[in-house]
There are 2 protein chains.
Amino acid sequence: MPLLVVKFGGTSVGSLDKIRRAAKRVGVEVARGYDVIVIVSAMSGKTNELVNWVGETSPLFDAREYDAVVSSGENVTAGLMALTLQEMDVPARSWQGWQVPVMTTSAHSAARIEDIPTENLNAKFDEGMRVAVVAGFQGISPEGRITTLGRGGSDTTAVAFAAAFGAERCDIYTDVDGVYTTDPRISEKARKLDKIAFEEMLELASLGAKVLQTRSVELAMRYKVKLRVLSSFDEQTETSGTYVCDEEEIMESNAVSGVAYSRDEAKMTLISVADRPGIAAAIFGPLADAGVNVDMIVQNISEEGRTDMTFSCPTDQVLRAEKALQGAKAEGSINYHDLVADQDVAKVSVVGIGMRSHAGVAAQMFHALHAEGINIKVITTSEIKISVLIDRKYMELAVQALHDAFELEKSA
Amino acid sequence: MPLLVVKFGGTSVGSLDKIRRAAKRVGVEVARGYDVIVIVSAMSGKTNELVNWVGETSPLFDAREYDAVVSSGENVTAGLMALTLQEMDVPARSWQGWQVPVMTTSAHSAARIEDIPTENLNAKFDEGMRVAVVAGFQGISPEGRITTLGRGGSDTTAVAFAAAFGAERCDIYTDVDGVYTTDPRISEKARKLDKIAFEEMLELASLGAKVLQTRSVELAMRYKVKLRVLSSFDEQTETSGTYVCDEEEIMESNAVSGVAYSRDEAKMTLISVADRPGIAAAIFGPLADAGVNVDMIVQNISEEGRTDMTFSCPTDQVLRAEKALQGAKAEGSINYHDLVADQDVAKVSVVGIGMRSHAGVAAQMFHALHAEGINIKVITTSEIKISVLIDRKYMELAVQALHDAFELEKSA
């Protein structure tokens, strides 16, 4: 029988009523002739409660015990979902991660799935089970202990199951009805995308669009899992949700598919650095060693053997960055006059696989920002993305201006 | 190293503070040189919440899914307890039932422990772990699914671990400070017993004293596990709690150790049964087939070939009993004029291994009840117990009168 993987996030299973509604969706797929693997999150709020208990008990907790405690929320939902399906006369049973087993690395709280043997579930499908309800977010380490995959990990569980079982599709039910050209809270012209390429989704996910865990998109791209994001609260129609798919499946595309933003960026500037060959390595080596995720880098033109070096990093890594650079200065490996951190910045990005074939996207972007009097502090580009750092107060204006400039309210 | 098993009930781990207090008790035993296996219940209220969710989802639930859901509460406590001990620098880790593994029958929701292999825990004790925190109430079936042991099952988990690991003692921490001569809410003269024999505890447990699960006492008796019941809220002293132990360890004993009562009894009378050889089998066979737990039986003297037959059973089985007897009458296997159920009764019992060597206990009991004008409806006796069925309104009075008559406020 053809197989679907269907994942419900915490808000979609936040009460017995919502579990019932989710189960009905699954029932529809079963009636259509699909066997279904349902991946469930914990009921909304439950994981936070457990995480808080662990934090209160032990601030520097043993991650193995954290995982043992925090994984319990998904087990509850899995059992309740199986019972709900049984009440609807759908043959179903629940599976905890270790029962499948979902085999992961030993990196507790941030484990990676290594293998999902299909024998146990397939044996039950062969016996007539129509739905396997699997607790998301969790697995078992080679040492036989429970692991978790990090926040949002149930998305990754879902995609990994879809890959392992060769599912026809992986549907991610959440509290939004798809992926938008930008955040609808910022631009009322934001339009739901029917399709988006894996690469674009990856850029959007890592740029702060919180629809899917980044790792789940990477996995889907690698294993060519057809992914769909849709709302568990709306009626399903032909055009429900957003397909995340291979570039080839997107016939026609705009130059730009979406505008993303992030407030969690800080700009750091090293003023008057002694410029010499190897200075970049001398600066960014210690930062990497300190675990600072440097994003954008700009080096000014050197004058009289000195230059300014600017980079951006997440705001919560500013202290770590300062410490690393002061240490390098104290050791004498770099030399600068001053180090200035500016946390009053934001990053705005345009993303689109269409950039590869459309020339002049960068120029169009800079022009649109200039027309609004927005000064660009730093620029980075990739093949399908252009990001700029601007004053935070202009963030919403920039998003709206770019959405207008690239006419994202119109479909391709 | 010598080993203790220590069990904490739901009220003893009902909050992070209470878990901390419980962990301190464990720390004291570790400091004394013991390795400790800690068995934990779910935080008070959690199991009820989960049970209610299951009931609301599916009134006639799949017991396998019930077990998967309901067992999660103990896993949370186990992890939190391990973290708390680690914070106190006590090397500890948590174990879920399937990790030990606690091997049980497949009778979901009422499984019996079949085996507890000691290898996994002992390997960790050998590596320097001092405390194994084990989620109580749960195990794993031969099919690899999670099972639970029935309400109060964590007591049984504790005793089974004590037996399997040859523990020096099994301490059951609860919200009362021991076993009393009777319920202190009924008689203010109730006295905490320092020691009680397994057989007496069994009679008291099955008679409604809710301190220990009956099965745990049976297990302790069979494997000679030295059991102690004590409060997790009081200071520990030399005479803390009550030891449940072999008869031989109790040097001197009163004729009666305790007075127990139960409100959940009903008296059923078959009026004017046609008396003939085999009539008892014809009556109680169908009752047994219907799952009715008949407790006391009285047959009146037969007059003119007819007799009255009276028995008692739990109140919630009255309907089932009526149905079974009406069925037998319809089939013609028994014949009676009327069937009368009286739910307005209570059972009061005196229990004591001393009865074996003290004559006249029954006479003394009947005399004490008669002196208060309490009419006895039915009587049963065992070697160490005498039970009477009386009008429910006299229950408290009877308990107090018997407590006085046998001078239970005085120790032996």
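Note that the coordinates shown come from a computational prediction; the quantities given were computed from them, not determined experimentally.

Asker: Sorry, what's going on with the confidence of the model for chain A here?
Answerer: Across chain A, the average pLDDT comes to 91, with 99% of residues at or above 70. Interface predicted TM-score (ipTM) for the complex: 0.80; the corresponding pTM is 0.83.

Asker: Could you clarify how one ought to interpret the relation of the copies chain B and chain A in this entry?
Answerer: A rotation about an axis combined with a shift along that same axis relates the two copies of the chain. Of the transformation placing chain B onto chain A, the axial shift is 0.1 Å and the rotation is 180°, giving an RMSD of 0.2 Å. Those values place the two copies in the arrangement expected of a two-fold rotation axis. For chain B, the minimum C-alpha distance to the rotation axis belongs to Ser 72 of chain B and amounts to 3.0 Å. Comparing contact sets, 100% of the residues at the interface of chain B also lie at the interface in chain A, consistent with an isologous, same-surface contact.

Asker: For this particular structure, what's the right way to read the side chain of Thr 47 of chain A?
Answerer: Topologically, Thr 47 of chain A is positioned in helix H2 (residues 46-57). Setting aside chain neighbours within four positions, we find Thr 47 of chain A in contact with Ala 42, Val 70, Glu 74 and Arg 151 of chain A.

Asker: Would you take a moment to explain the interface of chain B and chain A for this structure?
Answerer: Interfaces are often sized by the accessible area lost when the parts come together. Taken together, the 36 residues of chain B in the interface contact 36 residues of chain A. Both faces combined, the contact of chain B with chain A buries some 3100 Å², and carbon together with sulfur accounts for 61% of it. For the pair chain B and chain A, the interface holds two salt bridges. The residue Lys 46 of chain A makes a salt bridge to Glu 49 of chain B at a minimum N-O spacing of 3.9 Å. Listing elements by their share of the side of chain B that touches chain A, those giving two or more residues are helix H1 (16-31), helix H2 (46-57), helix H3 (63-70), helix H4 (72-87) and strand E3 (92-95) of chain B. Element by element, the count of residues in the side of chain B that touches chain A is highest for H4 of chain B, at nine residues. Tallied by class, the residues present in the side of chain B that touches chain A amount to 17 nonpolar, 10 polar and nine charged.

Asker: How should I be thinking about the packing of aromatic side chains in this particular structure?
Answerer: What describes a pair of aromatic rings is the distance from one ring centre to the other and the angle between the planes of the rings. Inspection of the entire model under this criterion finds nine aromatic pairs over all chains. Seen from their ring centres, Phe 61 of chain A and Tyr 66 of chain A are 4.9 Å apart, and the 15° between their planes marks the pair as stacked. By relative accessible area, Phe 61 of chain A is classed as partly exposed at 34%. Plain terms: the ring middles of Phe 284 of chain B and Phe 311 of chain B are 5.6 Å apart, the flat faces sit at 80° to each other, and that makes the pair edge-to-face. Here Phe 311 of chain B lies in strand E16 (residues 306-314) and Phe 284 of chain B lies in helix H9 (residues 279-289), a separation of 27 residues in the sequence. A cation sits over an aromatic face here: Arg 93 of chain A above Trp 95 of chain A, 3.6 Å from the ring centre.

Asker: Quick question: what am I supposed to make of the pattern of salt bridges here?
Answerer: Pairs can form between side chains of opposite charge once their charged atoms are near each other. This structure, assessed with the given rule, holds 50 salt bridges over all chains. The shortest N-O distance in the salt bridge between Asp 391 of chain B and Lys 377 of chain B comes to 3.1 Å. Here Asp 391 of chain B, found in strand E20 (residues 385-391), pairs with Lys 377 of chain B, found in the loop between helix H11 (361-371) and strand E19 (378-382); they are 14 residues apart in sequence, far enough to count as distant. Classification of Asp 391 of chain B as partly exposed rests on a relative accessible area of 25%. Because the salt bridges share partners, they merge into one network encompassing Glu 29, Arg 32, Arg 169, Asp 171 and Arg 228 of chain A.

Asker: Would you take a moment to explain helix H12 (residues 395-405) of chain A for this structure?
Answerer: Along H12 of chain A, the residues classified as buried are Met 395, Ala 398, Val 399, Ala 401, Leu 402 and His 403 of chain A. On its buried face, H12 of chain A sits against strand E13 (258-262), strand E18 (345-351), helix H11 (361-371) and strand E20 (385-391) of chain A.

Basis of the calculations
- Residues numbered from 1 in each chain as written.
- Chains lettered and ligands numbered in written order.
- Predicted model: local features only at pLDDT ≥ 70, side-chain atom pairs only at ≥ 80, totals over all residues.
- Heavy atoms only, no water.
- pLDDT = per-residue confidence, 0-100.
- Least-squares fit on C-alpha atoms with pLDDT ≥ 70 in both.
- Contact = heavy atoms within 4.5 Å.
- Helix = DSSP H or I, 4+ residues; strand = E, 2+ residues; numbered from the N terminus.
- Buried area = accessible area lost by both parts, 1.4 Å probe.
- Salt bridge = Lys/Arg side-chain N within 4 Å of Asp/Glu carboxyl O.
- Nonpolar A, V, L, I, M, F, W, Y, C, P; charged D, E, K, R; others polar.
- Phe/Tyr/Trp six-rings, centres within 6.5 Å; stacked < 30°, edge-to-face > 60°.
- Buried < 20%, exposed > 50% of the residue type's maximum accessible area, 1.4 Å probe, protein only.
- Lys NZ or Arg CZ within 6 Å of the ring centre and 35° of its normal.

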